[in-house]
Every structure is written in structure tokens, then in C-alpha cells.
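Spelled out from the first residue to the last, the chains are:
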Amino acid sequence: VADLPRQCRHGYIVRVANSAADEDDYYLQFFGNNDRDGEGVWEECPEPGREIEIDSGTMPIQMVRNFVNNAVRFDISQITWAKCPVGDLKTVEEPSFVNNKITKMLFWRNRLALLSEDDINLSRAGAFTNFWPKSAVTYTAVDNIDISISSEYPAMVYDGIQVNQGLVLFTKNQQFMLTTDSDVLSSQTAKINAVSTYNFNFNTNPISLGTTVGFLDNGGKNTRFFEMSN
């Protein structure tokens, strides 16, 4: 990258390649001063030709409460999801909910969480519509988090609820805890641990009971009620 010229054509894109492997290649675009050729700066950009937009027509919609003429009005509209700003499919993969069904939406640790298949996708901190990293070269603590559940049983996650230690996640046969041992939640510190093996009625929702979590078990002929300590 140190060999890049200080002057170039505005909008010109280059690939910075590793001589040994292409897993950490990235792309830079030249932005000339005042959008003109000449002097300017190089900034990271996505690979030319890659799909950078999430199809809003297949994603959740939003309902916004507004006041119009001293009356409350609820407006329903599609959400404008952030575009992929950098990288290719090797360095910045698509969020795992793309082309999969989203089973639940939650808010946790100032992030929007989308549950899909056996994956949990957390948006960038404070940016609820952004599920992309800022850079393909390095990750920061506020970047998005995309983490999968690892289990010997089918682990499609249907629901979750926040407790003191983290986020309890529910599959048909097990419960997991999304948490971190660090003071900062990031893609480098997030982890998922199994905490119990109760059957879960995924047609219902878990509820908070203060110091415990209640949920319905669908394993027997009669639906039973369980509590799990925080």
C-alpha cells in the first residue's frame, strides 16, 4: 500500500494483494480533492461487481410512531439497510441471515440481534441497520458480530431473552448462553456455551421472572413449565 501514488484518477480502484495468499486482499478507491483527478486519498471499498445491498423487500419492516396534527399516526415502511462498505466474499462474508429465514429479532447490548438457522447476527453497536464491518483489514469492538451455535443436536435457534450474564438462546432441544468474559463485547470476545437440555416449545416465548427465566417444555404429552436461574 505504501507504493500507491499520491496522485491518481478520481474513482480509480486497486486491489492490495498479499504475495502469499488472497484471503486478506482488500480494495482501495481513490478520492481526489474536490472529486477531481490529482491529489487525494485512498479509502477502502468493496470489490467491484460484488453485491453490496441487502434486499429490503425480504427483510423485516418497521412501524414508526409519528405525531401529525396533534394526533398519533403509525407509519409502516421498509427499512434502509446499510450497504457493504468494504472487501470481497473472502474477507467480508454476507451476513448469515441472507437467503435464510429470520426467526426472531431482539435488542441486546445496544445491538439489533437477528436469529437465523443456527446463527446469531448482531448489528454494529448503535447502528441497528448495519451488519457489516467498517474495514476488511481489521475489526473493532463496535463491528458487527456473526456467530454460530455448535451442538451435536440440530441447533436452529428460535428465541432468546436477556439475563444478567448474557443472552439466553433457545433451540428445540437445548438452551445456550451468548456472553463474553471481557468488559467489551466484540467479534473476538463473544462466545456461546450450552447451559441446559430442556425441550422448548418454539411456538411460545420465554418470559423473564426477575431472577429466573420461564419457558414451556414441549417434550411430553403435557406441556410443562420450567424455570432456569440467572
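See above for the structure.
Everything numeric here is computed off the predicted structure, so don't read it as measured data.

Asks: Help me understand the packing of aromatic side chains, please; the structure alone is not making it clear to me.
Replies: Each aromatic ring pair is specified by the distance between its two centres and by the angle formed by the two planes. Taken as a whole, this structure holds 9 aromatic pairs when the rule is applied. Consider the rings of F30 and W42, whose centres lie 5.0 Å apart with planes at 65°: the pair is edge-to-face. Here W42 lies in strand β4 (residues 38-45) and F30 lies in strand β3 (residues 26-32), a separation of 12 residues in the sequence. Ring centres of F97 and F131 lie 5.2 Å apart, and the angle between their planes is 85°; this geometry places the pair in the edge-to-face category. One end of the pair, F97, is in the loop between β6 (71-78) and β7 (102-108); the other, F131, is in the loop between β9 (119-122) and β10 (145-148), with 34 residues separating them in the sequence. Residue class for F97 comes out buried when judged on its relative accessible area of 2%. Ring pairs connect the aromatic residues F170, Y198, F200 and F215, which therefore count as one cluster. We note R109 situated over the ring of W108; from NZ or CZ to the ring centre the distance is 5.7 Å.

Asks: Explain a nonpolar patch on the surface to me, please; I cannot follow it from the model alone.
Replies: On the surface, I61, M63, F67, V72, F74 and I76 cluster together into a nonpolar patch covering about 680 Å² of accessible area. Of all the secondary-structure elements, those providing two or more residues to the nonpolar patch are β5 (61-68) and β6. Inspection of the secondary structure assignment puts F67 in strand β5. Judged by relative accessible area, which is 60%, F67 ranks as exposed.

Asks: Help me understand the pairing of strand β8 (residues 111-116), please; the structure alone is not making it clear to me.
Replies: Residues in a regular strand point their side chains to alternate faces of the sheet. In terms of burial, β8 is a largely internal element, 6 of the 6 residues being buried. The side-chain alternation of β8 yields two buried faces, one formed by R111, A113 and L115 and the other by L112, L114 and S116. Bridging between β7 and β8 involves 6 bridges; their strand directions are antiparallel. Along β8, the bridge assignment pairs M105 with L114. Linking two consecutive strands that pair antiparallel, namely β7 and β8, is a turn of 2 residues; a positive phi of about 55° is found at R109 within it. Connecting β8 to the antiparallel partner β9 that follows it, the hairpin turn spans 2 residues, and E117 within it adopts a positive phi of roughly 55°.

What counts and what doesn't
Residues numbered from 1 in each chain as written. Predicted model: local features only at pLDDT ≥ 70, side-chain atom pairs only at ≥ 80, totals over all residues. Heavy atoms only, no water. Phe/Tyr/Trp six-rings, centres within 6.5 Å; stacked < 30°, edge-to-face > 60°. Helix = DSSP H or I, 4+ residues; strand = E, 2+ residues; numbered from the N terminus. Buried < 20%, exposed > 50% of the residue type's maximum accessible area, 1.4 Å probe, protein only. Lys NZ or Arg CZ within 6 Å of the ring centre and 35° of its normal. Patch = residues over 30% accessible without salt bridge, like charges linked within 9 Å, V, L, I, M, F, W, Y side chains within 5 Å. Areas by Shrake-Rupley, 256 points an atom, 1.4 Å probe, with all protein chains shown as cover. Salt bridge = Lys/Arg side-chain N within 4 Å of Asp/Glu carboxyl O. Pairing = 2+ DSSP bridges.

Remember, this is a structural readout, not a statement about activity or role.
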